[in-house]
Each structure stands twice: as structure tokens, then as C-alpha cells.
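Structural overview
Listed here are the chains, written in short residue letters.
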Amino acid sequence: MIPGLGVMRSLAGEYLLPLLGKFLYFRQNTLGHFRLPSPPIPGSAEFYRKGTMLKKIYHLGYAVEDIEKAAEFYRVHFGAEPGEPEEVAEQGIKATMFEVGESMVELVEPTRPDSPVGKFLAKRGEGFHHVAFEVEDIEKSLAELKESGVELIDEEPRTGADGTRMAFVHPKEAFGVLTELVELKGK
Ligand code: CO
């Protein structure tokens, strides 16, 4: 005798569906380990790059009203050795640096009030202005940032103090911190 439709339905409900569930659970949790790695999810860190592009903190930039006075302060009270201020006309600044271990502090004084640092001083006063990270290959870093949708101030590197090549990432992208990328010369 052929079982009726009702019997077949209840067999399916009682035995087949739970079995299928167990099979899928097993497949997901046990065989899952042997599946090929899934491609990185768009938006995740590994989707964009492997490892950090940031080699070290190259310098911290302080905006100051009077670079000679600021340099003297660090010279006298901390024994720091800032060099002769160098003018970067393109950026409307004078800058000098002193070493702090592997990193440096950069003192920046505007040479004109309408330069970015001049405007910063007028609006916020003296203080922390930017962080500079050293990168291996600035073109590559900028291309990667652009590709992942990060807004840049400089899409192409410019020449910074001491012949380095540098570019700024927009501070609104970096949680309010003006972020400079620097590739050292002689690479
Ligand atoms: Co800088």
C-alpha cells in the first residue's frame, strides 16, 4: 500500500527536515574550516591593503607665532637642537625641526597670514598642528588612499623641507588630525 500524502508530509517534517538541518549545520561548522578563504569584504581593512603603510611617526608639527622664540624654548629648557629655520615659500611657512629619539618635532611659523598655517593660528592659536608619518612609497600610498575613497589635500606629492616628498590627507578624514605622509629622499 502506498502511504497517503499526509503520512509522507509528516515523515518529511519529522525526519527529513531535521536531518537536512543537521547536515547543513555539520557542513557549516566542520567542513567550513576546509573551505577556500573567502575574498576580503569591501570596506574591511584587508580589502584595501596588507600591513600598514605607516613606517613611523616622522614628526609632530607645532604651529607657533615666533619660530626663534619657540626654538629657543626647546633649546634652553630641554637641551633640544633645532636647526636653522628653512623657508618653504610654496606653503607660506618657515620651519625647523629637532630630534626626539627616532622622531622629530617640527616648529612651523607662517610667513603670511593667508597661508594654511596662518589661518590655523588665527582660528585656533598656537599648538599641535599636524602629524607626519613616514611611508615607503608616497605615490603608492596616495593611490591606495584615493582608491579607498579617502579625501586628500594633495593628490600629488610636493617637495617638503630638506628635499623630502610629502602630501597631506584631509583632517576631516583623519578625525580632525591633519595628517602628512612623508617619503624620505635617497630611496
Ligand atoms: Co610637517
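Our subject in this report is the structure included herewith. A quick note: this is a predicted structure, and the numbers were derived from the prediction, not measured. (Residues numbered from 1 in each chain as written. Predicted model: local features only at pLDDT ≥ 70, side-chain atom pairs only at ≥ 80, totals over all residues.)

1. Some points on the sheet that holds strand E8 (residues 178–183)
Strand order in the open sheet formed by eight strands is E2-E3-E4-E1-E5-E8-E7-E6, and the pairing between neighbours is mixed. Of all the strands in the sheet, just strand E2 (86–88) and strand E6 (158–159) have a single pairing partner and so form its edges. Inspection of the sheet shows E6 paired to strand E7 (residues 165–169) by two bridges, in the antiparallel sense. Pairing of Arg158 across the sheet is with Met166, part of E7. Packed on one face of the sheet, helix H4 (residues 116–124) meets strand E1 (56–63), strand E3 (93–100), strand E4 (103–110) and strand E5 (127–134) and runs near 85 degrees to E4. (Pairing = 2+ DSSP bridges. Helix = DSSP H or I, 4+ residues; strand = E, 2+ residues; numbered from the N terminus. Contact = placed C-beta atoms within 7 Å. Axes fitted to C-alpha atoms, helices over the stretch in contact; angles between N-to-C directions.)

2. As for the environment of Pro171
For Pro171, the location among the structural elements is in the loop between E7 and E8. A residue is classified by how many C-beta atoms lie within 10 Å of it, and Pro171, with 15 of them, is partly exposed. Through-space distance from the C-alpha of Pro171 to that of His130 is 8.9 Å; in sequence the pair is 41 residues apart. Those residues in contact with Pro171 that lie beyond four places of it in its chain are Gly176, Val177 and Leu178. (Buried ≥ 20, exposed ≤ 12 C-beta atoms within 10 Å, placed from the backbone.)

3. Notes on unusual backbone geometry
For Phe175, which is not glycine, the phi torsion reads 55 degrees and is therefore positive. Of note, Phe175 is situated in the loop between E7 and E8. Here Phe175 falls in the exposed class, since 7 other C-beta atoms lie within 10 Å of it.

4. What to know about the pairing of E3
Direction of pairing for E2 relative to E3: antiparallel, over a ladder of three bridges. Directly across from Val88, in E3, lies its bridge partner Ile93. Linking E2 back to E3 in an antiparallel pair, the connection comprises four residues, with Gly92 at a positive phi of about 65 degrees. Alignment of E3 against E4, held across eight bridges, turns out to be antiparallel. Counted as the bridge partner of Phe98 is Val105 from E4. Hairpin connection between E3 and E4: a loop of two residues separates the two successive antiparallel strands, and Gly101 in this loop has a positive phi of roughly 60 degrees.

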